Amino acid sequence: TCMDTADEAVRATCDDATTCKRFATSKGYWKDPHIQYFARSVGERKAPEINRGYYARVKGVNHLLDAFLRKSDCNCQVINLGAGLDTVFWRLKDENLLPQKIFEVDFPTVVARKIHNIKTKSPLSKHLIETHSTDSLILDTHSLDSDRYCIIGADLREISKLDEQLKRFHLNPDLPTVLLSECVLVYMTPSQSSNLVRWAAETFHTAMFINYEQVNMSDRFGQVMIENLQRRQCSLAGAELCHSLETQKERFVKTGWEHADALDMMTVYSMLPQEDVARMECLEFLDEKELLQQLLQHYSISWASKDKLNLGNSFSSS
Ligand code: SAM
């Protein structure tokens, strides 16, 4: 059916993210020794502005996530919504920042591929085994559950099933919780993404939601971005409603979050540690500064918190 084709196209976006991240890390934009096990190859060359955009995305999201982990002494849990082939579990283990447990959710077919890679590649399974001490490891085709890392196949648009599955795998609503959605909400309708964000606000008393996605899509540049995705039958159901930074914040405030903030990626880029930005900018010559600016202005990080966990302030103090 038409719906299946659309969902299939959305599932394929996780390969784009992984291939771009692998290419940028192969050039030295940032380090990720585990991404090679999830991307089939380094792939074709990506333009420098794309690599810089991914750099800002990864550094910006990690900045907020790591601030939460440090503030809670890792006595918390992380839920990665639409995680795709993300390597956050391996990064946090290597950096000694592993929370009590990481939960990842994606469509069952994406999850099956991820679990297959973990099972068959020892540099991936090594971390899993090292962080697991009880005898209750579940590692089947569609789910993985260990002491510190859990992967669930579910549709984020079906909240009650999602809630039920997470609880079955021992999600603890009383623990401080970070929810992460990186290029995910944009593939849902505004009411579907609001429901997900509302569920999170109602489930946890102490939490932060970090969301990265397209913004300001109503201008010419944004329209071209939408058309490119539509050509691959991938509808940006959320973006067509013309999200601005204001409406990004509103989605959180209207669904029970106490504090919400949003920045476009041009602003985030200018706030990242400048020493590393200077190193990164030397990696590849960038001809079209304006193109980078335009690109960055069409992406944003928004975040929200509950219980006065105002960690977003760490952006301004950095
Ligand atoms: N967050 C990862 C990253 O940044 O590397 C992957 C991003 S990828 C662009 C979007 C991911 O969201 C895909 O893996 C897709 O399958 C997942 N996704 C989108 N809509 C979803 C839904 N309704 N239920 C579960 N997963 C979904």
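Think of each chain on its own: its residues are numbered from 1, step by step along the sequence as written. Selection of residues for local features in this predicted model requires a pLDDT of at least 70, selection of side-chain atom pairs for listing and counting requires 80 or more, and totals for whole chains, interfaces and linings are taken over all residues. Calculated side-chain values reflect all of the structure's heavy atoms, with hydrogen atoms and water omitted.

A. Here's a closer look at the overall build of the chain. Numbered from the N terminus, helices here are DSSP runs of H or I no shorter than four residues, and strands are runs of E no shorter than two. A tally of regular secondary structure across the chain gives 12 helices and nine strands. For a compact globule the rule gives 2.2 Å times the number of residues to the power 0.38, and the radius of gyration it is set against comes from C-alpha atoms. Taken over the C-alpha trace, the chain has a radius of gyration of 19 Å; the compact-globule value for 318 residues is 20 Å, and the two agree within 12%. Within the chain, the proportion of its 318 residues that are buried is 56%. Calculation of accessible area relied on Shrake-Rupley with a 1.4 Å probe; when residues are assessed, cover is drawn exclusively from the protein chains displayed. Carbon and sulfur atoms provide 51% of the accessible area of the chain, an area that totals close to 14100 Å². Burial status follows relative accessibility: with a 1.4 Å probe on protein chains alone, a residue under 20% of its type maximum counts as buried, one over 50% as exposed, and anything between as partly exposed.

B. Spatial organisation of the pattern of salt bridges. A pair is scored as a salt bridge if a Lys or Arg side-chain nitrogen falls within 4 Å of a carboxyl oxygen belonging to Asp or Glu. A full pass over the atoms with the stated rule returns 20 salt bridges. Taking the shortest distance from any N to any O, the salt bridge between Lys-59 and Asp-276 comes out at 3.7 Å. Linking Lys-59 in helix 2 (residues 48-71) with Asp-276 in helix 11 (residues 274-281), this pair joins segments that are 217 residues apart in sequence. Looking at Lys-59, the relative accessible area reads 29%, which means it is partly exposed. The class for Asp-276 is partly exposed, based on a relative accessible area of 23%. Among the charged side chains, a salt-bridge network with shared partners connects Asp-7, Asp-155 and Arg-157.

C. Summary view of the confidence of the model for the chain. Per-residue confidence for the chain averages 92 on the pLDDT scale, and 92% of its residues sit at or above 70. Both confidence scores are given for the complex: pTM 0.95, ipTM 0.99. Residue-level confidence of the predictor is what pLDDT reports, using numbers from 0 through 100.

D. Seen up close, the site of the ligand. Taken together, 20 residues lie near the ligand, and Arg-57, Gly-82, Asp-106, Asp-155 and Leu-156 sit nearest. Taking Gly-82, its main chain carries an N or O atom lying 2.9 Å from a nitrogen atom of the ligand. We call two N or O atoms a polar contact when they sit within 3.5 Å, provided that within protein one can donate a hydrogen and the other can accept it, with sequence-adjacent residues counted only if both atoms are side-chain atoms. Here Asp-106 contributes a side-chain N or O atom positioned 2.6 Å from an oxygen atom of the ligand. For the ligand, whose accessible area on its own is 600 Å², the fraction buried by protein is 98%. Element by element, the count of residues in the shell around the ligand is highest for helix 1 (residues 2-26), at six residues. Near is defined per residue: the residue qualifies when any heavy atom it owns lies within 4 Å of the molecule or strand.

E. Structural detail: the sheet that holds strand 3 (residues 138-139). Here, a strand pair is defined by DSSP locating no fewer than two bridges between the strands. The strand order 3-4-5-2-1-6-7-9-8 describes an open sheet built from nine strands, whose pairing is mixed. One side of each edge strand has no neighbouring strand; the edge strands of this open sheet are strand 3 and strand 8 (259-264). Direction of pairing for strand 6 (residues 177-182) relative to strand 7 (residues 207-214): parallel, over a ladder of six bridges. Within strand 7, the position partnered with Glu-182 by the bridge is Tyr-212. On top of the sheet, helix 4 (residues 108-120) reaches strand 2 (101-106), strand 3, strand 4 (143-145) and strand 5 (149-153); it is set at about 145 degrees to strand 5, its chief contact. Note on definitions: a residue-residue contact is assigned when non-hydrogen atoms from the two residues lie within 4.5 Å. Comment: axis = line fitted to C-alpha atoms, over the contacting stretch for helices; angle = value between 0 and 180 degrees taken between N-to-C directions.

F. Region of the structure containing unusual backbone geometry. For Asn-96, which is not glycine, the phi dihedral falls at a positive 55 degrees. Among the structural elements, Asn-96 can be located in the loop between helix 3 (88-94) and strand 2. A positive phi angle, near 70 degrees, is found at His-170, a position not held by glycine.

G. Examining the packing of helix 2 against helix 12 (residues 289-297) more closely. Look at helix 2 against helix 12: their axes get within 10 Å of each other, and the N-to-C directions meet at 40 degrees. As summarised for this structure, helix 2 and helix 12 are arranged oblique, according to the angle between their axes. Here helix 2 runs over helix 12; the crossing is right-handed. On helix 12, the residues touching Glu-49, Ile-50, Arg-52, Gly-53 and Ala-56 of helix 2 are Leu-291, Leu-292, Leu-295 and Leu-296. Note on residue classes: Ala, Val, Leu, Ile, Met, Phe, Trp, Tyr, Cys and Pro are nonpolar, Asp, Glu, Lys and Arg are charged, and everything else, Gly too, is polar. Looking at side-chain class alone, the contact of helix 2 with helix 12 contains six nonpolar, one polar and two charged residues. Small angles under 35 degrees read as roughly parallel and large ones over 145 as roughly antiparallel, with 65 to 115 read as roughly perpendicular and the rest as oblique. Left-handed describes a crossing in which the near helix is turned anticlockwise from the far one by less than a right angle; the clockwise case is right-handed.

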